[in-house]
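Residues per chain are reported as follows:
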Amino acid sequence: MVAEKETLSLNKCPDKMPKRTKLLAQQPLPVHQPHALVSEGFTVKAMMKNSVVRGPPAAGAFKERPTKPTAFRKFYERGDFPIALEHDSKGNKIAWKVSQAAVAVTRARLEADLHAETITAPTFF
C-alpha cells in the first residue's frame, strides 16, 4: 500500500486564504469651492494652498468650419469643365464627359486663338 500524502488545502487552513479587502468608493475630484482662489495655470497663485487652477479654453480644433467658395467650385458645379469625379471602391477617378478627340480639337482652337492675338507694345516716340 502506498501511503497518500495529505495536502494542505485552502479550506483546511483558513489562515492561508487571501484576505478580502473592501473596495472603497472613489473620491470625487476637488470641485471649485466658494472660498478657493481660482487662478490661471503656471502662476504664483496656482501654487497657493486653497487655489484651484482654471483649465485652458477650448481651442476649437474639431469645430466644423465652412469652406469658402472658390472659382473652381463655381465652375465645376456649373458644369463648365468637361470632367467629373467618378467615385469608385478603389478611389476617385476623373471621368471625361466628352470624347478625347473633342478635347483635342478644343485645345487646338484655344492655342490657335492665343497665337493669333498679337500684343504690340505702344510706341511713345
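To be clear, the structure that these remarks concern was listed above.
Just so it is clear, the model here is predicted, and its values are computed rather than measured.

**Q** Looking at this structure, how should I read the overall build of the chain?
**A** Broken down by element type, the chain carries 2 helices and 4 strands. Going residue by residue from the N terminus, the α and β elements of the chain occur as β-β-α-β-β-α. Counting over 125 residues, the chain shows a buried share of 4%. Once local pairs closer than 6 in sequence are excluded, the contacts in the chain between residues at least 24 apart make up 0%. As displayed, the chain has an accessible area near 13300 Å², and 61% of this comes from carbon and sulfur atoms.

**Q** Quick question: what am I supposed to make of the side chain of Ser39 here?
**A** Mapped onto the secondary structure, Ser39 falls in strand 1 (residues 37-39). Judged by relative accessible area, Ser39 falls into the buried class, the value being 5%.

**Q** I'm lost on the packing of aromatic side chains in this one. Help?
**A** The geometry of an aromatic ring pair is captured by two quantities: the separation of the ring centres and the angle between the planes. Taken as a whole and assessed by the stated rule, the structure comprises 3 aromatic pairs. Ring centres of Phe72 and Phe81 lie 5.2 Å apart, and the angle between their planes is 25°; on these two criteria the pair is classed as stacked. Ring centres of Phe75 and Phe81 lie 6.3 Å apart, and the angle between their planes is 85°; on these two criteria the pair is classed as edge-to-face. These aromatic residues form a ring-pair network of at least three members: Phe72, Phe75, Tyr76 and Phe81.

**Q** Just to check I follow, could you spell out a nonpolar patch on the surface for this structure?
**A** Taken together, the side chains of Phe72, Tyr76, Leu85, Ile94, Trp96 and Val98 make up a nonpolar region of the molecular surface, amounting to roughly 590 Å² of accessible area. Counting only elements with at least two residues in the nonpolar patch, the list comes to helix 1 (71-78) and strand 4 (91-96). When you line up the elements, Phe72 lands in helix 1.

**Q** Honestly, the pairing of strand 3 (residues 83-88) in this entry has me stumped. Any pointers?
**A** Consecutive residues of a regular strand have side chains that alternate between opposite faces of the sheet. As judged from the 6 bridges shared by strand 3 and strand 4, these two strands associate in the antiparallel manner. Paired with His87 across the strands is Asn92, a residue of strand 4. Hairpin connection between strand 3 and strand 4: a loop of 2 residues separates the two successive antiparallel strands.

**Q** In this structure, what is going on with unusual backbone geometry? I would like to understand it.
**A** Negative phi is the rule for most residues except glycine; trans is the rule for most peptide bonds. A positive phi is found at Phe42, a non-glycine position, where the angle reads about 60°. Among the secondary structure elements, Phe42 is positioned in the loop between strand 1 and strand 2 (51-53). Phe42 gets classed as exposed once you look at its relative accessible area, which sits at 89%.

**Q** Teacher, can you tell me more about the pattern of salt bridges here?
**A** Where charged atoms from two side chains of opposite charge come close, those side chains can pair. Within the structure shown, the criterion is met by 5 salt bridges. With a closest N to O distance of 3.8 Å, Glu77 and Arg73 form a salt bridge. Here the residue Glu77 and the residue Arg73 both occupy positions in helix 1, the gap between them amounting to 4 residues, near one helical turn. On the accessibility criterion, Glu77 (59% relative accessible area) is exposed. The class of Arg73 is partly exposed, set by a relative accessible area of 39%. The residue Asp80 makes a salt bridge to Arg78 at a minimum N-O spacing of 2.6 Å. Taking relative accessible area as the criterion, Arg78 reaches 52% and is therefore assigned exposed.

Analysis parameters
- Per chain, residues are indexed from 1 in the order of the written sequence.
- Confidence filtering applies because this is a predicted model: local features only for residues at pLDDT of at least 70, side-chain atom pairs given and counted only at 80 or more, and all residues used for totals across whole chains, interfaces and linings.
- As a rule here, side-chain values cover all heavy atoms of the structure and leave hydrogens and water aside.
- The secondary structure listing takes helices from DSSP runs of H or I that are at least 4 residues long and strands from runs of E that are at least 2 residues long, numbered from the N terminus.
- Think of it in three bands: with a 1.4 Å probe and only protein chains considered, a residue is buried below 20% of the maximum accessible area for its type, exposed above 50%, and partly exposed in between.
- The criterion used for residue contact is that any of the two residues' heavy atoms lie within 4.5 Å.
- The method behind every accessible area is Shrake-Rupley, applied with a 1.4 Å probe, and residues are considered shielded solely by the protein chains displayed.
- Each Phe, Tyr or Trp ring (for Trp, its six-membered ring) is paired with any other whose centre lies within 6.5 Å, and the angle between the two planes then decides the class: stacked below 30 degrees, edge-to-face above 60, tilted in between.
- Patch rule: a residue counts if its relative accessible area is over 30% and it has no salt bridge; like charges are joined within 9 Å, and nonpolar side chains (Val, Leu, Ile, Met, Phe, Trp, Tyr) within 5 Å.
- Counted as salt bridges are all cases of a side-chain nitrogen of Lys or Arg within 4 Å of a carboxyl oxygen of Asp or Glu.
- At least two DSSP bridges between two strands are needed for those strands to be called paired.

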